[in-house]
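# Architecture and fold: a report
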Amino acid sequence: MDPKAYLPRVLEAEYLAAHRNLTPAARELLRAEIAQHPHRYVLTDRARALVRYAGAHRQLLAGLDRIIDLPDEEFNDRRLRLFAQVGAELATALKIDPGCLEAKLLRLLIAETDADTCLHDALLLEQEALEALHGRYPRFDERAPHFWRAEQGEKGEQGADAGAAADEKGTATTGAAAAGAHAAAGANAAQADAAVPAATPEEAAWLTATAPEMIAWLHTLESISQLAMSTARYRAAIHYAETVMRAAGYPHRSEGTLLLAYARLEDEDAFFSTAREANQLLPEHGPQEDSPWFLLGRALLFYKLGKDRAARRAIKDFAARAEGGAFFLTAPVYHVPYLPVRPEPREPWELTHQAIYEADSVIVDTPDFVQWAEGFEEVRTAADRFADTYGFE
């Protein structure tokens with residue numbers, strides 16, 4: 001989620017917390033004023049740090065855009081200089097507010113570390129984000145359908161939540177070590193669930209968008225899911241992607257991660273049930289059957305299962321319907337890494353490029369797949385046509 005999408009809502013929520021008696025008309029006026037003059041409403045260190053982070057994030061993406069077509073050696077030199085400059089800006093944000101989780105996440109993602117180290121650091125940050133959420137927001141509950149409880153649950157639920165948070169984190173990262181915490185907190189957690197209803201999806205969406213710690217947690221979960229995919233930890237990728245899927249009002253494409261992971265695991269039932277579930281939960285994404293993640297994942301799935309006839313149909317369908325799919329599959333092109341999560345596409349083919357980028361570990365684990373795909377005339381023709389249309393070589 002781009003800072004420009006949620007920073008105005010954070011500023012609005014901070015102002016409303018200090019001015020609780022605003023009428024609906026005054027709130028509408030406030031929202032318009034923040035849209036016009038956001039810097040007038042940056043009144044806390046938390047907000048100042050977020051503004052600094054947002055500037056560093058813009059600087060990073062714009063800088064990568066400027067250097068992406070340079071020769072490899074010059075690109076690498078300029079990239080390292082850019083990362084150092086952005087890192088200095090992120091350090092400044094953290095001096096303003098040491099709790100700026102977004103700055104911490106971006107800083108670890110641009111550090112020159114291997115994927116396993118980055119994943120380890122991201123898991124530690126996820127635990128820190130959960131602790132920050134429980135400490136700041138009594139209504140936050142990662143067991144709730146959309147992570148938030150209704151307002152009447154503010155009193156008395158925090159203790160149960162803290163135990164559940166420790167259990168949830170332990171299950172994800174240390175497994176059996178969390179069993180004791182779960183047993184101790186189980187009865188209280190069940191009582192809290194029964195006594196405190198979940199927030200509505202609309203209310204949960206507002207709470208998520210106005211809580212930068214929540215956005216940072218979801219960004220971290222997505223980053224962990226992608227790092228797990230790239231290091232062939234497919235079950236972990238599924239766990240974290242499924243968690244993101246529960247968020248309301250938070251843009252993501254985590255269903256794509258699930259489709260690719262289930263294709264790699266050759267789980268046909270889970271693959272198609274995920275597509276059906278995403279069609280219900282995410283109608284704004286359009287039919288999953290048109291998604292490049294679905295089209296590519298289906299071809300990989302049938303190929304790995306040895307369903308030759310279905311695999312041939314699927315790869316031809318992918319080449320025909322996923323804009324740029326045949327080209328990016330057979331002639332890989334550099335993809336700007338997710339910093340911190342998938343950027344909004346600016347070209348019609350960028351979603352396909354993202355799907356192939358995310359499928360890299362699956363494709364590497366299926367070494368004959370690309371050569372097999374190149375053997376079809378329909379795939380070669382689609383790749384050549386795309387290259388001619390968009391000027392790729």
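Residues numbered from 1 in each chain as written. Predicted model: local features only at pLDDT ≥ 70, side-chain atom pairs only at ≥ 80, totals over all residues. Heavy atoms only, no water.

With an omega dihedral of 0°, the bond running from L339 to P340 counts as a cis peptide bond. In this fold, P340 is placed in the loop between α16 (325-330) and α17 (350-358). Residue F147 is not a glycine yet carries a positive backbone phi of 80°. Summarising the element assignment, F147 is placed in the loop between α6 (115-136) and α7 (158-173). (Helix = DSSP H or I, 4+ residues; strand = E, 2+ residues; numbered from the N terminus.)

Under the defined criterion, the tally for this structure stands at 23 salt bridges. The partner of E213 in a salt bridge is R136, with the nearest N and O atoms 3.9 Å apart. Taken as a pair, E213 in helix α10 (residues 212-230) and R136 in helix α6 lie far apart in primary sequence, 77 residues in all. Of the residues examined, E213 reaches a relative accessible area of 9% and is grouped as buried. When its relative accessible area of 44% is taken as the criterion, R136 is described as partly exposed. One network of salt bridges, with partners in common, ties together E14, R46, R136 and E213. (Salt bridge = Lys/Arg side-chain N within 4 Å of Asp/Glu carboxyl O. Buried < 20%, exposed > 50% of the residue type's maximum accessible area, 1.4 Å probe, protein only.)

Contact geometry for α10 and helix α11 (residues 234-245): axes closest at 8 Å, N-to-C directions at 155°. Relative to α11, the element α10 is oriented roughly antiparallel. Where α10 crosses over α11, the handedness of that crossing is left-handed. Listed contacts from α11 to W217, L218, L221, E222, I224, S225, A228 and M229 of α10 are Y234, A236, A237, Y240, A241, T243 and V244. Its residues assigned to classes, the contact of α10 with α11 comprises twelve nonpolar, two polar and one charged. (Axes fitted to C-alpha atoms, helices over the stretch in contact; angles between N-to-C directions. Parallel < 35°, antiparallel > 145°, perpendicular 65-115°, else oblique. Left-handed = near helix turned anticlockwise from the far one by under 90°. Contact = heavy atoms within 4.5 Å. Nonpolar A, V, L, I, M, F, W, Y, C, P; charged D, E, K, R; others polar.)

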